[in-house]
Every structure is written in C-alpha cells, then in structure tokens.
Amino acid sequence: MSEDIPKPVIRTTSKTILATASTTAVSSLLSATKIAERLGLSRNKVNPLLAELGLIDKVPNGWKPTRLGLSFGAVQKHDEKTDQHYILWSDTILSNQIFVEALCKVDDGAGEEQSSPQNPKKVDFREKFKAGDYRTKDGHWVRSKAELSVDDWLYTENIVHAYERKLPVEEEVYCDFYIPSGKVYVEYWGYEQDPEYSARKQEKQRIYRKYDFNLIELYDEHIKSLDDCLPQMLRSFGIVLG
C-alpha cells in the first residue's frame, strides 16, 4: 500500500528553484506544462519565455528547438494524431542558472524593460535603472547620443525592444539592444580608438559567433542614416516594418 506524497510548494526565486532542482533526479523529461507546475507558473508563460531566450522557435504546427535549445537539453517530439510538434526538456533545465534567472525576471514583471509606443515602461522602473545620461522617448536611459538615436528609431517604428539585455549564455555579456520578434541583438560599436573597448568588442563578437545569435552591428556611418540602413538589416532577420 503506497501513500500519496504531497507536492512541495515552490516559490519562484532563483535560490529556491535551484535548491529544489538539485534534489531532483535528472533522468526524466519535462513538458512545458510540467515545468510550469514544478515552478508554480502559468503554463502559458513557459514557451514564450523559452522562445524569448532563443531556445525554441514557433512553427505553424507547434514548436521546434534551436541549436541553443538543444544544448539546454531540448528533445523534439511529434504527435502523429494531431501532427503537432512539441518539445520535452531534461529536468536539468530547472537547475540552469540562466533559465532560472530569466524565469524569475518574467515572473516578477521585469518584462517592463521591453518597450514600444503601445507598451511604455513605468516611470519608477526606468528611473531606478538609469544606464546613462541620455533619456529616450520610451524612458530608457542610454549611454550615448548614438544609442539614443537607435532606441528612439526603434520606438518610433513600433518595434518592441529591450536595452542592455543579458545574453542567455554562461558568459556575462549584455547586448546594447534586443528585439524579441526576430531574436535579434543590436550592437553599436562607437569607441574604436580605445584599446580596452576594442578588446571587449572582439570578445563580444566571438560570443555572438559561438552561439550563432542573430546580430546587427552598427557604426557611426549607420547612425547618420538609420532610415536607410536599419529597415534592410532588420528585413534580413524577418522583421518587416509596418
């Protein structure tokens, strides 16, 4: 005779999630619904989060893992009855620091860092996280006039974007801008004469190549003609202006 073991209540903080995951066997596969149940989330949050991290892509009949997703333990499955593609995950994803941190940010409402004319950031949030001396139309604080031009252009064109988003990788790297709709990272390289900056630039470029991320690189000549160059650059990643 077996007795039912009550499920533990899990609060979505990174320390609690990692501690709980470390005591779990790593031999099972989890669906997005199971991940949501284990972490106390709405099941509708998980796949969009994984997609935003670049781990999965939406396809007409379901979801497919990206190369990065496969490295996180994604396993592609297909339901022959419904012709739907879905993904199962190694339960080690629950102890992945990158996934957990991103998950907690979404659950805490930190998605306010993304902005567009229809979704401007709240004043208290943008005031708390000033990044520089230049304030954009959507409330981001950026570090240069060039970044101000880029952010304002994206906002004016109704392109949802985030400023200084951490890349979903082990390395501690932040992009200048991230556009979720095309999983596109945007970097403005503006201090070419500075040796330290140049070395940092080369290291970031190496990381973008390593993980095969979509990357748009902007220089001073592009800033002068954003209306001409950015639409074409975005179009190459499937982002077409309305």
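Here, every reference points to the structure presented above.
About the cut-offs
- Within every chain, residues take consecutive numbers counted from 1 along the sequence as written.
- Owing to the predicted nature of the model, reporting of local features is limited to residues with pLDDT of at least 70; listing and counting of side-chain atom pairs is limited to 80 or more, with chain, interface and lining totals taken over all residues.
- To obtain the side-chain values, all non-hydrogen atoms of the structure were used and water was disregarded.
- For helices the rule is a DSSP run of H or I covering at least 4 residues; for strands it is a run of E covering at least 2, with both sets numbered from the N terminus onward.
- Multiplying 1.5 Å by the helix residue count minus one yields the expected span of that helix.
- The buried label applies to any residue whose accessible area, calculated with a 1.4 Å probe on protein chains only, is under 20% of its type's maximum; exposed applies above 50%, and partly exposed to all values in between.
- The arc in question is traced by the directions running from the helix axis to the C-beta atoms.
- Any two residues whose heavy atoms approach within 4.5 Å at even a single point are treated as in contact.
- Counted as a polar contact is a pair of N or O atoms within 3.5 Å, where, for protein atoms, one must be capable of donating a hydrogen and the other of accepting one, and residues adjacent in sequence contribute only when both atoms are in side chains.
- What is meant by a nonpolar core is a set of buried Ala, Val, Leu, Ile, Met, Phe, Trp, Tyr and Cys residues, joined one to another through side-chain atoms within 4.5 Å.
- The convention used is that axes are lines fitted to C-alpha atoms, helices contributing only their stretch in contact, and that angles between N-to-C directions extend from 0 to 180 degrees.
- By definition in this entry, angles of less than 35 degrees are roughly parallel, angles greater than 145 are roughly antiparallel, angles of 65 to 115 are roughly perpendicular, and the rest are oblique.
- The crossing is said to be left-handed when, going from far helix to near helix, the turn is anticlockwise and less than a right angle, and right-handed when the turn is clockwise.
- We call Asp, Glu, Lys and Arg charged. Ala, Val, Leu, Ile, Met, Phe, Trp, Tyr, Cys and Pro are nonpolar, and the rest, Gly among them, are polar.
- Strand pairing is defined by DSSP finding a minimum of two bridges between the two strands.

## Remarks on helix α8 (residues 195-210)
For an α-helix the count is 3.6 residues per turn, leaving residues at separations of three or four pointing the same way.
Now for step 1: Its 16 residues place the ends of α8 23 Å apart at the C-alpha level, agreeing with the 22 Å of an ideal helix rising 1.5 Å per residue.
Now for step 2: For α8, the full list of buried residues reads Tyr197, Lys201, Lys204, Gln205, Ile207 and Tyr208. Seen along its axis, α8 keeps its buried residues to an arc of 160°; they face one direction. For α8, the exposed residues lying more than 90 degrees away from the buried face are Pro195, Glu196, Gln202 and Arg209.
Now for step 3: Where α8 is buried, its residues contact β10 (184-188) and β11 (214-218).
Now for step 4: At the N-terminal end of α8, a side-chain oxygen is found 3.0 Å from the backbone nitrogen of glutamate 196, two or three residues along, and the residue is aspartate 194.
Now for step 5: Aspartate 212 lies just past α8 and shows a positive phi near 55°.

## Comments concerning the side chain of histidine 161
Now for step 1: Mapped onto the secondary structure, histidine 161 falls in the loop between α7 (145-156) and β8 (162-163).
Now for step 2: We classify histidine 161 as buried; its relative accessible area is 0%.
Now for step 3: In terms of polar contacts, histidine 161 uses its side chain to reach the side chain of aspartate 138, at 2.9 Å.

## Details of helix α2 (residues 32-39)
Now for step 1: For α2, the complete set of buried residues consists of Ala32, Ile35, Ala36 and Leu39. Considered in projection along α2, the buried side chains sweep an arc of 100° and stay on one side of the axis.
Now for step 2: Note on α2: the residue one or two positions beyond its end, glycine 40, has a positive phi of about 70°.

## Focus: the nonpolar core
Now for step 1: Core analysis: the biggest nonpolar cluster contains 36 residues, and Ile35, Trp89, Phe99 and Leu167 have the highest contact counts within it.
Now for step 2: Among the secondary structure elements, those contributing two or more residues to this core are α2, α3 (43-52), β5 (84-90), α5 (97-107) and α8.
Now for step 3: Ala146, Val150, Leu154 and Val184 belong to the second largest nonpolar core, which has 22 residues in total.

## Describing the packing of α2 against α3
Now for step 1: For the pair α2 and α3, interaxial distance at closest approach is 8 Å and the crossing angle is 115°. Accordingly, the angle class assigned to the pair α2 and α3 is roughly perpendicular. When the axes of α2 and α3 are compared, the crossing they make is right-handed. Contact residues: α2 offers Ala32, Thr33, Ile35 and Ala36, while α3 offers Arg43, Val46 and Asn47.
Now for step 2: Counted by class, the contact of α2 with α3 contains 4 nonpolar, 2 polar and 1 charged residues.

## Structural notes on the sheet that holds β10
Now for step 1: Taken in spatial order, the 4 strands line up as β8-β9-β10-β11 in an open sheet, and their pairing is mixed. Looking at which strands have only one partner, the edges of the open sheet turn out to be β8 and β11.
Now for step 2: As defined by bridge partners, β10 adjoins β11 across 5 bridges and the pair is classed as parallel. Of the residues in β11, the one forming a bridge with tyrosine 185 is leucine 215.
Now for step 3: Contacts from α7 reach β8, β9 (177-179), β10 and β11, with the element oriented near 15° to β9.
Now for step 4: Docked against the sheet, α8 engages β10 and β11, running at close to 165° with respect to β10.

Keep in mind these numbers describe shape, not what the thing actually does.
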